[in-house]
Amino acid sequence: RQAPKYGGRHAFLQGKFENENDGLACNIKALATFLERMVTEEEKAEQALSQGDRLLRKYMTSVRNTLLTYLKGQINKVLLDNTRSLMLLDVGLSHFDLKPHMVMLTTTACMQLSNMLARNITKLSINDQDPVAELCKQIPLWEPHQIEAAERQDKLHVFQIKTRFLFDEKKMVICDSSNCPVPPRMSSVVLDPDLQFGDLVKPLMEGDTRFKLLETVLVESKSDFQSVTSLKALKAELEKELSTMTNYSVSHQLTISLERIQELITLDAGVDDILTPIKCCLDARKKHLGYLRDLEKGLRSVKKAQRAHARALQEAEEMQAAINNFTRVLKPPKRLKEAADQCNKQLRLEVVHETVTRFEEFGRSPAIKDLSFSPIITYTLKKLTKQKVVVSQSPQLDKQEVKISFLLANGGAEITVLVKRNGSDKILKQFALTEDKLRSLRKADEDATLELPEGAPATGDMLVTFNRAKLADLLFDAAAGR
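Sequence order sets the numbering: in each chain, residues are counted from 1 along the sequence as written. Under the rules for a predicted model, residues below a pLDDT of 70 receive no local features and side-chain atom pairs below 80 are neither given nor counted, while totals for whole chains, interfaces and linings still include all residues. Heavy atoms throughout the structure, all of them, feed into the side-chain values; hydrogens and water do not.

Undergrad: I'm lost on the packing of aromatic side chains in this one. Help?
TA: How two aromatic rings sit relative to each other is given by the distance of their centres and the angle of their planes. Two rings from Phe, Tyr or Trp (for Trp, the six-membered ring) form a pair when their centres are within 6.5 Å of each other. A pair whose planes differ by under 30 degrees is stacked, one over 60 is edge-to-face, and the rest are tilted. Scanning all chains against the criterion turns up one aromatic pair. Between the aromatic rings of Phe-406 and Phe-466, the centroid separation amounts to 6.2 Å while the plane-to-plane angle is 70°, which identifies the pairing as edge-to-face. Of the two residues, Phe-406 is situated in strand E7 (residues 402–409) and Phe-466 in strand E11 (residues 464–467); the sequence distance between them amounts to 60 residues. Both residues of the pair, Phe-406 and Phe-466, count as buried. A run of H or I in DSSP counts as a helix once it spans at least four residues, and a run of E counts as a strand once it spans at least two, with each numbered from the N terminus. Burial classes: relative accessible area under 20% of the type maximum marks a residue as buried, over 50% as exposed, and values in between as partly exposed (1.4 Å probe, protein chains only).

Undergrad: Teacher, can you tell me more about helix H11 (residues 248–266) here?
TA: Each α-helix turn comprises 3.6 residues. Residues three or four places apart therefore point the same way. With 19 residues, H11 should reach 27 Å at 1.5 Å per residue; the first-to-last C-alpha distance of 27 Å fits that figure. A positive backbone phi angle near 60° is found at Asp-268, which sits one or two residues after H11. Here the expected span of a helix is defined as 1.5 Å times the quantity of residues minus one.

Undergrad: Quick question: what am I supposed to make of the nonpolar core here?
TA: The nonpolar side chains of soluble globular proteins are, as a tendency, buried together. One finds Ile-404, Phe-406, Ile-415, Leu-452, Phe-466, Leu-471 and Leu-475 to be the most contacted residues of the largest nonpolar core, which totals 30 residues. Broken down by element, the residue count for this core peaks at seven residues, all from helix H18 (residues 468–479). Every residue pair with non-hydrogen atoms within 4.5 Å of one another is taken to be in contact. The residues touching Ile-415, leaving out its near neighbours within four places in the chain, are Ile-404, Ser-405, Phe-406, Lys-429, Gln-430, Phe-431, Leu-433, Leu-452 and Phe-466. Residues Leu-214, Val-217, Leu-231 and Ile-261 belong to the second largest nonpolar core, which totals 15 residues. Think of a nonpolar core as a cluster: buried Ala, Val, Leu, Ile, Met, Phe, Trp, Tyr and Cys residues, connected wherever their side-chain atoms sit within 4.5 Å.

Undergrad: Please explain the sheet that holds E11 as it appears in this structure.
TA: The strands that make up a sheet pair up through hydrogen bonds in the backbone, lying either parallel or antiparallel. Judged by pairing direction, the sheet is antiparallel, and its three strands sit side by side in the order E6-E11-E10 without closing on themselves. Each edge of the open sheet is held by one strand with a lone partner, namely strand E6 (390–393) and strand E10 (449–452). With strand direction ignored, the average angle separating the axes of adjacent strands in the sheet is 20°. Where E10 and E11 come together, four bridges link them in antiparallel fashion. Bridge pairing in E11 links Glu-451 to Thr-465. Lines fitted to C-alpha atoms define the axes here, with helix axes fitted over just the stretch in contact, and angles between the N-to-C directions of these axes take values from 0 to 180 degrees. Packing against the sheet, H18 makes contact with E10 and E11, and its axis sits at approximately 80° to E11. Two strands are said to pair when DSSP picks up at least two bridges between them.

Have a look at this one:
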């Protein structure tokens, strides 16, 4: 394709194609077409294909698998596949990330994405119960004309991803197929009932370890094996080493290694039959070391995010406590008060704060703050008389079983006189004391009294008389939760 351009200097090649129809250009064009169809051709029913297309599909499948295997091998030589470690670390980081995460897609992009998932769901599904596959089954396969119609009035959709708690399960394993942390129900990995997590760290897989013992011997040996070109020469060098060996552990390993080398000599094997497995083991260890280092680096990031999350929570708690305290007392901030003073203005909040402070004594003490508290206490008349809270009572109460209850609410108090009749308490009389009346009780002399109902001495209807000071103490103790 475009042979004059990509067959010359643009591709850093010497010379150029003079004719796009020459043999080399035609071959390259055919190869480009073949590779394009191999990657992009849609699945079609076998009977809908011609014999040539069926043969071409067979070749494409074979070449594609071989090519992908080769590319993967070449990539693994220079790049470390850190998908597993990155996915695991992302799960840890997501739980300490409080920022919202948004994804924006157009309507046509959503339709094309669902089509792509539906067509390749057999390759993407982790197992038979894959929830993504179940969701895709509920979405229709969009026809081209439907996508074109949506494109004419395309809209942007904003999705907020639930990154912190995408799964509600508490058990997690690493899926062997996708390298993603998923619940056991979505993976073929079997998790013991008493375990919460599977193997989160990938174990070292060395492959052929038949010559691992020989590897240790070669490292411990003092001989130079660079000139060794055959197994017989290697065996001779190791036998010399064994004759002068003083370390029993290494000499035992050396003896076993010599036996294995002799087996290979018998099979007419070469030096490469030993060096290749050793090299593969070294490469595997090198890759695993890189994986562990990436994991260690990522764990430091998780720890850092954890500390930042703890600080954010502490700041949020402190701010919430300050907000709660402000809503409870409505005290203006210091800076706001200073600004008002400089302007010789009085803040309305100061007036409200003073009013709230007066209410603090009744039902808003620190012991019961942040609660909706309306305490009610009940005493018998005899007990109140014994405690000298009640000074005197009406003669009509002398021969009856009387109780008096006190309800503190809305800054005031409600006093109820109860008389027991037919086995149950009946309300005889109720009196209400306002907030101002309660505050006046504390200012009264020790011997001052309160007759209820008020004005009773003039009418002669007095029911009960309280000692003001002792009644105030009783009510304040109840308000403080004592």
